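# A structural walkthrough
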Amino acid sequence: MNKALRNPLVYILFVLPAFILFIAFFIYPILTAVNNSLTSWNGISKTMSYIGMDNYATAVQDKIFWKSARNNVYFILFSCLVQVPAIVFFSLLIANVRKLKNLYKTAVFLPSIMSTAVIGILWGFIYNPDFGLMNEFLGLFGIQPIYWLSDRNWAMIAILITNAWQWTGFYIVMVLAAILSIPRELDEAAAIDGASGIQRAFKITLPLIMPIISVVVMLSIAGAMKAADIVLVMTKGGPAGSTDVMATYMIRYAITSFKHGFGNAIAVLIFVFTMVITVLYQFLIVRRTERIEY
Amino acid sequence: MRTFKKTIPHIFLMGYLLVILYPFLFVLFSSVKTNNQEIASNPFGLPVSVTFNNYVNAWVNAKINTYFFNSLYIGVLAACISILLAAMLSFAITRMRYNRISKIVFQLILIGMLIPNNALLLPIYGMMSKLGVLDTHMALLLPYVANAIPFTVIILAAFMRSLPGEIEEAAVMDGLSSAGLFGKIIIPITIPAIVTVFIINFLGNWNEFLLANYFLSSDTLKTLPVGMVGFRDAYNTNYAQMSAGIVFSVLPVIVIYAVLQKKIIEGVTAGSVKG
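Computed from a predicted structure; not experimentally measured. (Residues numbered from 1 in each chain as written. Chains lettered and ligands numbered in written order. Predicted model: local features only at pLDDT ≥ 70, side-chain atom pairs only at ≥ 80, totals over all residues. Heavy atoms only, no water.)

## Quick look at the overall build of chain A
Quick reminder of the rule: Helix and strand definitions follow DSSP, with helices as H or I runs of at least four residues and strands as E runs of at least two, each counted in order from the N terminus. As defined in this context, the radius of gyration uses C-alpha atoms, and a globule is described by 2.2 Å times the residue total to the power 0.38. For every residue, the accessible area (1.4 Å probe, protein chains only) is compared with the maximum for its type, and the residue is labelled buried under 20%, exposed over 50%, or partly exposed between those bounds. Computed by Shrake-Rupley with a 1.4 Å probe, the accessible areas treat only the displayed protein chains as cover when residues are assessed. Asp and Glu are treated as the negative residues and Lys and Arg as the positive ones, with His and the ends of the chain left uncounted. To locate a charge, take atom NZ for lysine, CZ for arginine, CG for aspartate or CD for glutamate.
For chain A, the count of helices and strands is 14 helices and zero strands. Radius of gyration (C-alpha) of chain A: 24 Å, far over the 19 Å computed for a compact globule of 294 residues. With 294 residues in all, chain A has 52% of them scored as buried. By element, 66% of the accessible surface of chain A is carried by carbon and sulfur atoms, the whole surface being about 14100 Å². The distance from the centre of the 21 positive side-chain charges to the centre of the 13 negative ones in chain A is 7 Å.

## What about unusual backbone geometry?
Notably, A:Ala240 is not glycine yet its phi reads approximately 55°, a positive angle. Tracing the sequence through the fold places A:Ala240 in the loop between α12 (229-234) and α13 (246-256). Phi at B:Asp135 is positive, roughly 65°, even though this residue is not glycine. Note that B:Asp135 resides in the loop between α6 (121-131) and α7 (138-161). Judged by relative accessible area, B:Asp135 falls into the partly exposed class, the value being 24%.

## Concerning the UniProt feature "transmembrane region" (unreviewed entry) in chain B
All names here are of chain B. The line we're drawing: UniProt positions are given in the numbering used here, feature names are shortened, and annotations may be inferred rather than shown by experiment.
When the UniProt feature table is mapped to this numbering, "transmembrane region" (unreviewed entry) covers residues 12-32, 72-93, 105-126, 138-160, 181-203 and 239-260. Spanning residues 12-32, this segment combines 95% helix with 0% strand, and its end C-alpha atoms are found 31 Å apart. In this annotation, residues 72-93 is assigned 100% helix and 0% strand; the end-to-end C-alpha distance for the span is 31 Å.

## Digging into the domain arrangement of chain B
Residues and elements named next belong to chain B. The condition that has to hold: What fixes the domain bounds is an automatic or database domain assignment. Contact criterion: two residues are considered in contact whenever any of their non-hydrogen atoms come within 4.5 Å of each other. Each of two parts loses accessible area, computed with a 1.4 Å probe, when they are put together; buried area is these two losses added.
Entries for chain B in the domain assignment read domain 1 (1-51) and domain 2 (62-269). For domain 1 and domain 2, the distance between their C-alpha centroids amounts to 34 Å. Facing nine residues of domain 1, the contacting portion of domain 2 comprises nine residues. Each partner contributes to the roughly 590 Å² buried at the junction of domain 1 and domain 2, and carbon and sulfur atoms together form 72% of this total.

## Let's talk about the pattern of salt bridges
All names here are of chain B. Counted only if it meets this: Any carboxyl oxygen of Asp or Glu that lies within 4 Å of a side-chain nitrogen of Lys or Arg is treated as forming a salt bridge with it.
Taken as a whole, this structure holds seven salt bridges over all chains when the rule is applied. Notably, a salt bridge pairs Asp219 with Lys222, separated by 3.8 Å at the nearest N-O pair. Look at Asp219 and you get partly exposed, because its relative accessible area is 29%. For Lys222, a relative accessible area of 19% gives the class buried. As a salt-bridge pair, Asp233 and Arg232 come within 3.2 Å of each other at their nearest N and O atoms.

## What about the interface of chain A and chain B?
So the rule is basically this: Counted as a polar contact is a pair of N or O atoms within 3.5 Å, where, for protein atoms, one must be capable of donating a hydrogen and the other of accepting one, and residues adjacent in sequence contribute only when both atoms are in side chains. In this count, Pro and Cys sit with the nonpolar residues alongside Ala, Val, Leu, Ile, Met, Phe, Trp and Tyr, while Asp, Glu, Lys and Arg are called charged and the others, Gly among them, polar.
Counting from both sides, the interface comprises 85 residues of chain A and, opposite them, 93 residues of chain B. Surface buried jointly by chain A and chain B totals about 8500 Å² across both partners, of which 81% is contributed by carbon and sulfur atoms. Our enumeration of links across chain A and chain B arrives at one salt bridge. The salt bridge involving B:Asp233 is made with A:Lys236; its shortest N-O contact spans 3.4 Å. At the surface where chain A touches chain B, the tally comes to ten residue pairs in polar contact (both at pLDDT 80 or more). Among the elements that make up the side of chain A that touches chain B, the one with the highest residue count is helix α2 (residues 8-36) of chain A (19 residues). Across the side of chain A that touches chain B, the residue classes break down as 65 nonpolar, twelve polar and eight charged.

## What about helix α3 (residues 54-61) of chain A?
The following threshold applies: Taken from the helix axis, the directions to the C-beta atoms give the arc we talk about.
All of the buried residues along α3(A) are A:Asn55, A:Tyr56 and A:Ala59. In a view along the axis of α3(A), the buried residues occupy a sector of 95°, so they form one face of it.

## Here's the deal with a nonpolar patch on the surface
Definition in use: Distance thresholds for patches are 9 Å for like charges and 5 Å for nonpolar side chains (Val, Leu, Ile, Met, Phe, Trp, Tyr), applied to residues having over 30% relative accessible area and no salt bridge.
A contiguous nonpolar surface patch, about 600 Å² in accessible area, is contributed by A:Val272, A:Val276, A:Val279, A:Leu280, A:Phe283, A:Leu284 and A:Ile285. Judged by its relative accessible area of 47%, A:Leu284 is partly exposed.

## Topic: the nonpolar core
Put simply, the rule reads: Residues belong to a common nonpolar core when they are buried Ala, Val, Leu, Ile, Met, Phe, Trp, Tyr or Cys residues joined through side-chain atoms within 4.5 Å.
Formed by 197 residues in total, the largest nonpolar core has its most connected members in A:Phe75, A:Ile209, B:Leu89, B:Val153, B:Phe215 and B:Ile246. The element best represented in this core is helix α8 (residues 155-180) of chain A, accounting for 15 residues. Among all residues touching A:Ile209, those that are not within four sequence positions of it are A:Val175, A:Ala178, A:Ile179 and A:Ile182.

## Let's talk about the packing of α2(A) against helix α5 (residues 99-112) of chain B
Filter applied, for reference: Every axis corresponds to a line fitted to the C-alpha atoms, with the helix fit spanning only the stretch in contact, and the corresponding angles, defined between N-to-C directions, vary from 0 to 180 degrees. When describing relative orientation, an angle under 35 degrees is termed roughly parallel and one over 145 degrees roughly antiparallel, while 65 to 115 degrees is termed roughly perpendicular and anything else oblique. The hand of a helix crossing depends on one turn: near helix anticlockwise from the far one by less than a right angle means left-handed, and clockwise means right-handed.
Remark: α2(A) packs on α5(B), axes separated minimally by 11 Å, with the N-to-C direction vectors making an angle of 30°. With respect to α5(B), the axis of α2(A) lies roughly parallel. As α2(A) packs across α5(B), the resulting crossing turns out to be left-handed. Taking contact as the criterion, the partners of A:Tyr11, A:Val15, A:Phe19, A:Phe22 and A:Phe26 in α2(A) are, on α5(B), B:Ile101, B:Ser102, B:Val105, B:Leu108, B:Ile109 and B:Gly112. Looking at the contact of α2(A) with α5(B) residue by residue, the classes come out as nine nonpolar, two polar and no charged.

Shown next as structure tokens:
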């Protein structure tokens, strides 16, 4: 028995291929990013010269970098202040309807499995100033056409709406699963005591789904820090850099202008910012919400 | 009053449904309209006459066919390889008797789920350039396979850990080696979990944009999302044909989703929560 399951050669042969790939594509790249961020390498030449923390100094002094970081913050704020309430609202609605529950669940989830690039193109149509759905729809209320993606006041909002359109349903399904796993008796007992539907939602369901909501916030933050393809496809960071996020800023410098060392410094900053926000969030918020037992 | 109260949630939900589904209908209608004028004059409605020229043109002239098969082959191949490698690793760390090393390996791989992967874009670009595989499909296959490993291991290891130990006792009594146990017993039992991770990995690869955009430059090698964006940038004005292109790209996903929605929803949400 143990002989067959304690065969070091087989163990090594089974573990190594995946493990080597993992190290090569997750651990090693972080180390090279840190190393390259200390150089003025252009991404092509054989030699690189170390310049210490210069790249980081340049980055933190660059206004455009902070502007792009601010756009990442907008992503986070939009998902926490607009998306999360909508997610909770719609999950509660879906959980409480008898008919069509599955249809709603299936349909709202659909955009999240689509390619972000294709959704970017699709929403490019919708935002078309001349005959896009958005302006046609707003026109019904007498609102003048808006140049969504080429107006710097509107471009970021337009991207945030598209992003919300793609991901809200995904989180609804997660929250919905949590709501449906709450034992029915709790809700019924409250109903017998005379609590109205809205009271039950706020006093019973909401406190019980706090843990999953905090997971949703966590995932939204991670997603906000990763956002890149939707910006690249919809506006390429324009007009005039008004929709740049950290990742597109990094790509612009590293791949398009051959400042590879500088780009790597941005990559490390993205990594550090993400970790800091994640850890802070875990300590400040998640620690406080106690574990729930029914 | 009671029935009225019951319909209010449905009104909100139907509104939401409309917002989600209408853009798809809009694309579908636009794709069978003759030209921009028809879309512009009647954006909400059904087309007057149905034409499939846009599909033919998009498929052949816009080379959607090339992009489509590139995406298909890269997506399937990468998903299969990551599943094979991840299944081997999961088997070794959950069923073989090396608990201490296995624990360390598993913890390390969990860390992989936490790493924001676009921070790794540049170093991986550098690695691919050193290997001399930039502008070949290898430059996508390798990172796609590697990228899927943490998620795949987490799902498959959880599944394999839950299998009862009697299975392998019986198999080993019958004289199977550990490799035979893996191939003849464990893999067949794990098929349900494998199907789930296959779909999730395939969809991830099928939709991936960043690496595909920067690691390939030859037009004939491009994948569908990148090809579509290039097509839009080149023919920015031909909305009807572009809509047909979008249909080609979205249709396979919708078909897979229609058949396997339960597994997809389960897999995607499980993966993200555990990460």
